[in-house]
Amino acid sequence: MAWREPSWWYSEGPHWQAAALKPVAAIYGSVVRRRYKQSAMYRSRLPVICVGNFTAGGTGKTPLARAVAEIVRGLGREPWMLSRGYGGALEGPVRVDPAVDAASDCGDEPLLLARTAATVIAADRRAGAAFIERAAPANAIIIMDDGMQNPSLAKDLTIAVIDGGRGLGNGAVIPAGPLRAPMPFQLQCANAMVIMGEASPRTRQQLSDLQDQWHGQVFRSSATPAGDTGWLRGAKVVAFAGIANPKRFFSTLDGLGAVFSERIEFPDHHAFSDAEAASLLATANKHGAALVTTEKDIVRLTGKRGAIAELGTRVKSLAITLAFDGDDRERLTELIKTALYIHKSDRR
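Residues numbered from 1 in each chain as written. Predicted model: local features only at pLDDT ≥ 70, side-chain atom pairs only at ≥ 80, totals over all residues. Heavy atoms only, no water.

Asker: Sorry if this is basic, but what is going on with the packing of helix H9 (residues 274-287) against helix H11 (residues 306-314) here?
Answerer: Any two packed helices are characterised by the angle at which their axes cross and by the distance between the axes. Close contact between H9 and H11 brings their axes to 7 Å; oriented N to C, the two are set at 45°. By the angle between their axes, H9 is oblique relative to H11. Crossing of H9 against H11: the hand is left-handed. For the pair H9 and H11, contact is made by Asp274, Ala277, Ala278, Leu280, Leu281, Ala284 and Asn285 and by Gly306, Ala307, Ile308, Glu310, Leu311 and Arg314, respectively. Here the contact of H9 with H11 is composed, by residue class, of 8 nonpolar, 2 polar and 3 charged. (Axes fitted to C-alpha atoms, helices over the stretch in contact; angles between N-to-C directions. Helix = DSSP H or I, 4+ residues; strand = E, 2+ residues; numbered from the N terminus. Parallel < 35°, antiparallel > 145°, perpendicular 65-115°, else oblique. Left-handed = near helix turned anticlockwise from the far one by under 90°. Contact = heavy atoms within 4.5 Å. Nonpolar A, V, L, I, M, F, W, Y, C, P; charged D, E, K, R; others polar.)

Set out below in structure tokens:
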């Protein structure tokens, strides 16, 4: 299930690969639109908030989903996460048990979400919502991790996350670029956007262009380290990451004062082999360095044996939390409250 996104998706200038794949991208985008418009959506009796993105790959959905769960809990409601369980063998619907389940069962992101709130995985989002309706209390709110373009479940509020540094990439649809569908269609699916991190000049221009087509609310935030990070200042580290945007992780470590012995990238959702784990351990021993990785990577090392188990005990992870700019957390809270009120009114 692991994959690497093409570097030219986000690099500047025209690329022959994008031009060559444009006809395929047009077909892909058309299929996504047609599937969405022709599907009958299931409307849950529980409110549904979707945290999604316009592009394939990492934008910071998991930290935002956790932040939304905290906001929901602050409103006196119980958050229940709903995930597809990408990378796991289970189709569900099933509730994730972080004390028992492994990433190979349910995927790495659901294991992280389960540390914040009750989490259900379901390849069929409609079935997942029905499962939560049966299992959750009456004050529950479903928070979808991804699925903005999924037509099976109606959403009361959809928040799209954009990575400030990478933006919308080259603006082309998969496989010619990172977009999951043409932007005019995707803008119809989103009620709000959260910009993650400082926006690059290209991202600022893309956002400016979108304002002519879309008038939803925009929030700004940054993923910041949580907990004690003082041990990283001046520390020699072998840093590795199997996420869509490992450079953002490495940049964070650099900002915390870590001294890199090596930086090692793996594909997103990578399942580490015993040989790879042994190699990472040997590299750290050679440099006399500490091993450090992301929260998402470390959950894929749990419940294993041999070198992978040893790696899991030696490596440290960098916990991440979300910080909103200015009063954007309060503004987002008000938007969520409005969506809940409308949902309640529609159910009468």
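Asker: Before we go on, may I ask you to explain the nonpolar core in this structure?
Answerer: The tendency in soluble globular proteins is for nonpolar side chains to be buried as a group. Core analysis: the largest hydrophobic core is formed by 44 residues, its most contacted members being Phe54, Leu82, Ile132, Ile142 and Met193. By size, the runner-up hydrophobic cluster in this structure holds 28 residues, among which are Ala117, Leu157, Val161 and Ile336. (Core = buried A, V, L, I, M, F, W, Y, C linked by side-chain atoms within 4.5 Å. Buried < 20%, exposed > 50% of the residue type's maximum accessible area, 1.4 Å probe, protein only.)

Asker: Looking at this model, I keep getting lost on the environment of Gly230. Mind explaining?
Answerer: Position of Gly230 relative to the elements: it lies in the loop between strand E8 (217-225) and strand E9 (236-241). The exposure class of Gly230 is partly exposed, given its relative accessible area of 48%. Taking C-alpha positions, Gly230 is 28 Å from Asp327, a pair spaced 97 residues apart along the chain.

Asker: Explain the sheet that holds strand E4 (residues 118-121) to me, please; I cannot follow it from the model alone.
Answerer: Taken in spatial order, the 9 strands line up as E3-E4-E2-E5-E1-E6-E7-E8-E13 in an open sheet, and their pairing is mixed. Edge strands, defined here as strands with exactly one partner in the open sheet, are strand E3 (94-95) and strand E13 (320-324). One ladder, built from 5 bridges, connects strand E6 (residues 157-163) with strand E7 (residues 192-196); its direction is parallel. The partner of Asp163 across the bridge, within E7, is Met196. (Pairing = 2+ DSSP bridges.)

Functional significance is not addressed by these values, which are geometric in nature.
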